[in-house]
Amino acid sequence: MTATTSRRVLLAAPRGYCAGVDRAVIAVEKALEQYGAPIYVRHEIVHNKYVVQTLERKGAIFVERTEEVPPGSIVMFSAHGVAPVVHEEAAQGRLATIDATCPLVTKVHKEAVRYAAEDYDILLIGHEGHEEVIGTSGEAPDHITLVDGPDDVAKVEVRDPSKVVWLSQTTLSVDETMETVDALKEKFPLLLSPPSDDICYATQNRQLAVKQMGADADLVIVVGSRNSSNSKRLVEVAKLAGARASYLVDFADEIDEAWLDGVSTVGVTSGASVPEVLVEQVLEWLVARGFEDVEIVKAAEETIIFSLPKELRRDLRAEAAELLRGGASEG
């Protein structure tokens, strides 16, 4: 590694779980504690490998389809939200449900329902195939058109250009989203905006911190999983902010020492679903290689707390057993 006169780390704050992720992870832990294993979770509760593996060891079972859950069981819906058809599948499968959808995602779902009821064409800005986009689209499938970035705008068609509104996936890059919105407004001048910003406050805060550090960092390491949309956006934001290189890692041992060649300043940030311990391990890895000077880059304070899903206040095992008995009697 090339010798440098000074080696420092710029550590982005906030870090650790955002409120929506914290709520979802605690919900799984509380459900296991209250009702015992197994607790089935439809899709990964949050997009983080470490979190999923930890909960699996405690007795959570992650499934991709509702029909994989045995009748009479408890199933939890992930923080990304699900379409109404999934709730129907759970009822048909005689399952007791816990809805751990992030309240910020629920807000977007409600907006979709409201604008569909008013017969608007809804342009949903997001990434095709992402669980959150699938869930939101399912709220009003006949009214929603997916717009996957500014390059998609040219092919968008609506019934009435005077009655069109945009919504967005909550974990996107703020800048790319607004670029898409600007392109949509150029095509549809009467495009209506949602009553409040859809992009998650934690996503925005982390992107803002990376923008502040990007120009000063030779290298930015983003701690997060490859299926985490908000973590992948941080890599992009770091490069656009001026970082020479930026990489996404789940764990400290994935860092390549060659990345440090010629580097005097390393920026470290993490996605909104990354536990603090993984960031600490990256810092320890860097300290062991001479990057001992750590400076905090703070974009915002996060004080929001969400209450746990209301279903955790009921005896869901008894409800599940009753559902199973009801199904047997009907048969």
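Residues numbered from 1 in each chain as written. Predicted model: local features only at pLDDT ≥ 70, side-chain atom pairs only at ≥ 80, totals over all residues. Heavy atoms only, no water.

Caption draft 1: Examining the sheet that holds strand E6 (residues 121-125) more closely. Taken in spatial order, the three strands line up as E7-E6-E8 in an open sheet, and their pairing is parallel. Strand pairing shows two members of the sheet lacking a second neighbour, strand E7 (144-147) and strand E8 (164-168), which therefore form its edges. Each strand of the sheet is rotated relative to its neighbour by a mean of 30°, with strand direction disregarded. Across the sheet, helix H6 (residues 174-187) touches E6, E7 and E8, and the angle it forms with E6 is around 150°. (Pairing = 2+ DSSP bridges. Helix = DSSP H or I, 4+ residues; strand = E, 2+ residues; numbered from the N terminus. Axes fitted to C-alpha atoms, helices over the stretch in contact; angles between N-to-C directions. Contact = heavy atoms within 4.5 Å.)

Caption draft 2: A look at the pattern of salt bridges. Evaluation of the coordinates by the stated rule reveals 24 salt bridges. A salt bridge links Glu 280 to Arg 15; its shortest N-O distance comes to 3.2 Å. Residue Glu 280 is located in helix H9 (residues 276-287), and its partner Arg 15 is located in the loop between strand E1 (8-13) and helix H1 (19-35); the two are separated by 265 residues in the primary sequence. Taking relative accessible area as the criterion, Glu 280 reaches 31% and is therefore assigned partly exposed. Accessibility expressed as a relative area gives 25% for Arg 15, which makes it partly exposed. (Salt bridge = Lys/Arg side-chain N within 4 Å of Asp/Glu carboxyl O. Buried < 20%, exposed > 50% of the residue type's maximum accessible area, 1.4 Å probe, protein only.)

Caption draft 3: Quick look at the pairing of strand E5 (residues 96-99). Taking every second residue as pointing to the same face, the buried face of E5 carries Ala 96 and Ile 98, while none of Thr 97 and Asp 99 on the other face is buried. Tracing the backbone out of strand E4 (residues 74-77), into helix H3 (residues 84-92) and back to the parallel element E5 gives a crossover that is right-handed. (Right-handed = clockwise from strand over helix to strand, strands pointing away.)

Caption draft 4: Local environment of the packing of aromatic side chains. Under the counting rule described, the total for this entry stands at two aromatic pairs. Between Tyr 115 and Tyr 120 the ring centres are 5.4 Å apart and the planes differ by 75°, which places this aromatic pair in the edge-to-face class. The buried category is assigned to Tyr 115, whose relative accessible area is 2%. Overall, the relative accessible area of 16% leaves Tyr 120 in the buried class. Relative to Trp 259, the ring of Tyr 247 has its centre 3.9 Å away and its plane inclined at 5°; by these criteria the two rings are stacked. Here Tyr 247 is found in strand E10 (residues 245-249), whereas its partner Trp 259 is found in the loop between E10 and strand E11 (265-270), with twelve residues between them in sequence. Just above the ring of Tyr 120 sits the side chain of Lys 163; from NZ or CZ to the centre is 5.5 Å. A cation sits over an aromatic face here: Arg 289 above Trp 285, 3.8 Å from the ring centre. (Phe/Tyr/Trp six-rings, centres within 6.5 Å; stacked < 30°, edge-to-face > 60°. Lys NZ or Arg CZ within 6 Å of the ring centre and 35° of its normal.)

Caption draft 5: Molecular detail of helix H4 (residues 103-117). End to end, H4 covers 21 Å across 15 residues, agreeing with the expected 21 Å (1.5 Å per residue, within 8%). Elements that come into contact with the buried residues of H4 comprise E6, helix H5 (131-137), E7, E8 and helix H7 (201-214). With its phi angle positive at about 65°, Asp 119 sits one or two positions after the end of H4. (Expected span 1.5 Å × (residues − 1).)

Caption draft 6: Looking closely at the sheet that holds strand E2 (residues 39-42). Strand order in this open sheet of four strands is E3-E2-E4-E5, and the pairing throughout is parallel. The open sheet has two edge strands, strand E3 (60-63) and E5, and neither has a second partner. Along the sheet, successive strands turn relative to each other by an average axial angle of 30°, direction set aside. Examined bridge by bridge, E2 and E4 share three bridges and lie parallel to one another. Of the residues in E4, the one forming a bridge with Val 41 is Met 76.

Caption draft 7: Representation of unusual backbone geometry within the structure. Here the amide bond leading from Ala 13 into Pro 14 is cis, since omega sits at 10°, within 30 degrees of zero. By secondary structure assignment, the location of Pro 14 is in the loop between E1 and H1. Pro 38 follows Ala 37 through a cis peptide bond whose omega is 0°. We note that His 43 has phi near 70°; this positive angle belongs to a residue other than glycine. Relative to the elements of secondary structure, His 43 occurs in the loop between E2 and helix H2 (49-58). You can call His 43 buried: its relative accessible area is 9%.

Caption draft 8: Spotlight on the pairing of E2. A two-sided burial pattern is seen for E2, the buried positions comprising Ile 39 and Val 41 on one face and Tyr 40 and Arg 42 on the other. Across four bridges, E2 lies against E3 in parallel orientation. Opposite Tyr 40, over in E3, you have Ile 61 as the bridge partner. Crossover E2 to E3 through H2 is right-handed.

Caption draft 9: Seen up close, a negative patch on the surface. Negative charge collects at one region of the surface, where Asp 151, Glu 179, Asp 182 and Glu 186 lie side by side. As for its position among the elements, Glu 179 is in helix H6. (Patch = residues over 30% accessible without salt bridge, like charges linked within 9 Å, V, L, I, M, F, W, Y side chains within 5 Å. Areas by Shrake-Rupley, 256 points an atom, 1.4 Å probe, with all protein chains shown as cover. Lys, Arg positive; Asp, Glu negative; His and termini not counted. Charge placed at Lys NZ, Arg CZ, Asp CG, Glu CD.)

Caption draft 10: Region of the structure containing the nonpolar core. Ranked by size, the top nonpolar core spans 36 residues in total, and within it Val 28, Tyr 35, Ile 45, Val 46, Met 76 and Ile 98 carry the most contacts. When residues of this core are assigned to their parent elements, the largest contribution, nine residues, is made by H1. When residues no more than four places from it in sequence are discounted, the contact partners of Val 46 are Val 21, Ala 24, Val 25, Val 51, Val 52, Ala 79, His 80 and Ser 273. (Core = buried A, V, L, I, M, F, W, Y, C linked by side-chain atoms within 4.5 Å.)

Purely geometric stuff here, so don't read any function into it on its own.
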